[in-house]
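Letter by letter, the chains look like this.
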Amino acid sequence: MTSTRSLVRRAALGVTAVTATLVLAACGNGDASSDNGSGTKTSAPASAEESAGAHNDQDVDFAQGMIPHHQQAVQMAQMAQSRASSAEVKDLASRIKKAQAPEIETMSGWLKAWGEDVPSSMPGMDHDGHGDDGSSDMPGMMGTEDMGQLMEASGHDFDTMFLTMMIEHHEGAVDMATTEKDKGRHGPAKTLADDIITAQTVEIEEMNELLDKS
């Protein structure tokens, strides 16, 4: 009997010990979970919307400068449709217009959202933003005299003039976009700047090849 009672007692003690161990383990897990959750104090990352809205003066300068820059490129591309003699030049001009017109709308939207002025004048048609001789202080921008000469040209002369001017124009845009990538803050603006650098660098190479063939 004594032996039997002793065995029962030891079994009961074993069950109690196991139960206690399980309870402690459960409590330990609960504490770890609490530490990982509320115990670790980390600041929540900014939402995508908040990050997209952040901008600085460089972003504003980029949009306000690139809009008229694009407007002039679109204007030159429109001239090519009726004045160029080369099908390749016309195709290039069509692609330039197709790419840059929507970008003008995008940048205008940013400026409106930021409460900034949106450029409205078409460069090359007046002296707004140009020097006394019609030259522009923006990289690659054609002056009033340049645009007038392009407008009067046609055929092969137009092709050569258009390609020469547009190469310079694109190089200016690449410079402006590079500054935005380096100093801008607005994520979408920096992405657009990178796209401009990539696309227009390729088009510069294409235009140089067309000039070599002419």
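Computed from a prediction, not measured in an experiment: that's the story for all the values here. (Residues numbered from 1 in each chain as written. Predicted model: local features only at pLDDT ≥ 70, side-chain atom pairs only at ≥ 80, totals over all residues. Heavy atoms only, no water.)

Participant: Is there a simple way to explain the overall build of the chain in this structure?
Facilitator: A count of helices and strands for the chain gives seven helices and zero strands. Element order for the chain, N to C, with α for helix and β for strand: α-α-α-α-α-α-α. A total of 214 residues make up the chain; the buried ones form 35% of that total. Expressed as a percentage of contacts within the chain between residues at least 6 apart in sequence, the contacts between residues at least 24 apart total 76%. (Helix = DSSP H or I, 4+ residues; strand = E, 2+ residues; numbered from the N terminus. Buried < 20%, exposed > 50% of the residue type's maximum accessible area, 1.4 Å probe, protein only. Contact = heavy atoms within 4.5 Å.)

Participant: Sorry, what's going on with the nonpolar core here?
Facilitator: When a protein is soluble and globular, its nonpolar side chains tend to lie buried together. In terms of nonpolar packing, the biggest core is built from 43 residues, with Phe62, Met76, Met107, Phe158 and Phe162 touching the most fellow members. For this core, the secondary-structure elements that each account for two or more residues are α3 (57-83), α4 (87-114), α5 (144-152), α6 (155-183) and α7 (187-213). Here this core gets eleven residues from one element, more than from any other, and that element is α3. In this structure, Phe62 is in contact with Met107, Met176, Ala177, Glu180, Ala189, Leu192, Ala193 and Ile196, ignoring residues within four places of it in sequence. (Core = buried A, V, L, I, M, F, W, Y, C linked by side-chain atoms within 4.5 Å.)

Participant: What exactly am I supposed to notice about the environment of Glu152 here?
Facilitator: Within the element layout of this structure, Glu152 appears in helix α5. Of the residues examined, Glu152 reaches a relative accessible area of 68% and is grouped as exposed. For the pair formed by Glu152 and Met79, sequence separation is 73 residues and the distance between their alpha carbons is 9.9 Å.

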